[in-house]
Amino acid sequence: MKSARIFWSLLLGVLTPMLFAGQIQSERNNPVIELVVHNWILPEATRSDPLSRANRQVVEAFEAAYPEIIQQRYAENYRANPETYGDHDWSNITLHTRTFAGLRVEGVESDLLAIAGGVAPDVMYLNFRRSDTYIRNGFLAPLDDYLEELPQEEWDRRVHPKTLPVIQREGPSGDVHTWALPYGGLLGKGLLYRKDRFEEAGLEFPDADWTWEDLLTASRALTDPATGRYGLRLARGSHESFHFMSFLWSAGGDFMIQNPETREWSLAYDTPEAATALAFYNQLVAEPWIDSEGIPRRGYAYRDAGGAWAKWQRGDIAMTQGYMDEEMFTVINPEVTGLAPIPKGPTGIRGSELNSRMLALYSDIKDPVVRDAAWEFIRFFGSKKASEIRTRVLVRSGMARFVNPDRLREFGYDALVRLSP
């Protein structure tokens with residue numbers, strides 16, 4: 001591990017000489033905090049979609065509010081302990097936020113390269129998939145001390161009970177800590193479909209009553225490989241589990257289970273339910289059939305990762321699985337794309353995925369002032385104020401019908417609730 005850190009540190013030093021971690025500098029005794037956040041959090045200035053503009057406004061509001069935050073929560077302690085926090089004029093502080101832009105290597109997350117090279121962002125982005133790796137390897141700092149000062153109302157607003165097993169768990173030392181805070185609400189995976197393709201084929205749109213048989217029937221009708229058209233997308237390779245898990249859960253099976261006493265995980269897919277799910281999945285991707293030209297074909301799914309998004313945008317793929325949230329509406333046309341739950345399996349139930357975007361502190365932040373600023377960024381980015389800013393920008397951009405109705409009511413847009421599906 002030590003040699004790997006040295007290698008990546010040297011490589012990053014050569015290829016990205018302008019990278020550095022968050023720091024505090026002093027200009028004529030006036031402190032200037034440079035805070036580095038993950039580039040998935042703060043969108044590039046070239047992105048003009050409503051949600052990107054909203055998130056940039058949230059960050060700008062945080063930068064403007066931080067001098068007052070310092071005075072309210074930290075200045076007294078900073079002044080009393082200059083040996084720890086520096087001898088600065090804390091009444092005249094400035095904070096700048098910038099995104100981390102690190103080395104890109106295909107197949108490797110840039111965060112891991114940055115961590116190995118010692119230039120990781122102060123504010124880390126997490127989802128459920130990444131969380132276990134980052135926690136077990138000690139990449140994150142516990143939030144417990146900061147959370148002691150967080151009002152219960154803020155906690156309840158941000159933390160859905162379903163996220164607790166992810167954000168509160170054992171760390172490398174075996175102690176249980178809270179490692180991250182969610183923002184933006186839960187993400188639910190559902191079925192996206194092209195309304196135009198269904199209308200062309202004379203098929204009813206998918207709805208909450210759809211079953212596996214309905215999915216198979218529609219996939220058969222909407223697939224014509226000779227013209228490059230497919231009923232659905234089921235990726236192969238590293239992304240295949242994203243699609244298959246919904247079928248496994250809808251069949252009543254599971255992939256892994258945890259022993260509640262020993263906390264050990266074990267594989268659980270050697271079951272009749274898993275066999276049922278796999279058989280149906282294979283039917284979708286490999287069922288033999290003959291097209292109208294007499295050419296033998298197999299399956300109804302587009303399997304290649306390359307070009308899948310472009311084919312979906314063109315309408316060459318009729319159905320795909322995706323997360324349901326406001327960000328999705330920035331990249332699809334809701335007049336053309338419909339939303340439905342994952343189809344029910346033979347059990348009569350449907351199994352889908354919950355996920356969440358989360359923010360965390362990098363464990364190796366050197367300066368305590370930068371660490372405090374990083375925590376305050378995490379707190380502000382998912383705050384009521386931030387939610388108000390995002391709601392305002394989305395409403396003014398004509399996207400009120402895609403905003404959670406509760407948020408429309410909360411921030412004074414009651415008249416627009418009727419537009420929400």
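About the cut-offs
- Residues numbered from 1 in each chain as written.
- Predicted model: local features only at pLDDT ≥ 70, side-chain atom pairs only at ≥ 80, totals over all residues.
- Heavy atoms only, no water.
- Salt bridge = Lys/Arg side-chain N within 4 Å of Asp/Glu carboxyl O.
- Buried < 20%, exposed > 50% of the residue type's maximum accessible area, 1.4 Å probe, protein only.
- Helix = DSSP H or I, 4+ residues; strand = E, 2+ residues; numbered from the N terminus.
- Expected span 1.5 Å × (residues − 1).
- Contact = heavy atoms within 4.5 Å.
- Core = buried A, V, L, I, M, F, W, Y, C linked by side-chain atoms within 4.5 Å.
- Phe/Tyr/Trp six-rings, centres within 6.5 Å; stacked < 30°, edge-to-face > 60°.
- Lys NZ or Arg CZ within 6 Å of the ring centre and 35° of its normal.

Asker: Explain the pattern of salt bridges to me, please; I cannot follow it from the model alone.
Answerer: Any two side chains of opposite charge can pair, given that their charged atoms come close. Throughout the structure, instances matching the rule amount to 21 salt bridges. Here Arg47 ties to Asp49 by a salt bridge, and the two come within 3.3 Å at their closest N and O atoms. For Arg47, a relative accessible area of 40% corresponds to the partly exposed category. With its nearest N and O atoms 3.2 Å apart, the salt bridge here joins Asp406 to Arg409. Note that Asp406 and Arg409 are positioned in helix α17 (residues 405-410) at a spacing of three residues, about one turn of the helix. Assessed through its relative accessible area of 52%, Asp406 is described here as exposed. Judged by relative accessible area, which is 44%, Arg409 ranks as partly exposed.

Asker: How do you make sense of helix α16 (residues 384-396) when you look at a structure like this?
Answerer: Working note: α-helix, 3.6 residues per turn, so residues spaced by three or four point in the same direction. With 13 residues, α16 ought to run about 18 Å at 1.5 Å a step, and its terminal C-alpha atoms sit 18 Å apart, in line with that. Within α16, the full set of buried residues consists of Ala386, Ser387, Ile389, Arg390, Thr391, Val393, Leu394 and Val395. Buried residues along α16 sit against α2 (50-73), α8 (152-158), α15 (368-381) and α17. Following α16 by one or two positions, Gly398 adopts a phi angle in the positive range, close to 80 degrees.

Asker: Is there a simple way to explain the nonpolar core in this structure?
Answerer: One broad trend across soluble globular proteins is that nonpolar side chains are buried collectively. By size, the foremost hydrophobic cluster in this structure holds 65 residues, and its most contacted members are Leu361, Trp375 and Phe377. Broken down by element, the residue count for this core peaks at nine residues, all from α15. In contact with Trp375, not counting residues within four places along its chain, are Tyr74, Leu143, Tyr146, Leu147, Leu150, Leu181 and Leu361.

Asker: Where do I start with the packing of aromatic side chains in this structure?
Answerer: Counted according to the given criterion, the structure contains 24 aromatic pairs. Ring centres of Tyr146 and Trp375 lie 5.2 Å apart, and the angle between their planes is 15 degrees; on these two criteria the pair is classed as stacked. On the criterion of sequence distance, the pair formed by Tyr146 in helix α7 (residues 144-147) and Trp375 in helix α15 is long-range, its members being 229 residues apart. The two residues Tyr146 and Trp375 agree in class, both being buried. For the pair Trp289 and Tyr300, a centre-to-centre distance of 5.7 Å together with 25 degrees between the ring planes defines the contact as stacked. Pair noted here: Trp289 is in strand β12 (residues 288-290) and Tyr300 is in the loop between β13 (296-298) and β14 (301-302), with a separation of 11 residues, a long-range link. Each member of the pair, Trp289 as well as Tyr300, carries the same accessibility label: buried. Three or more aromatic residues joined by ring pairs make a cluster, and in this case those are Phe62, Tyr66, Tyr183, Phe377, Phe380 and Phe381. The ring of Phe242 carries Lys189 above its face, with NZ or CZ at 4.2 Å from the centroid.

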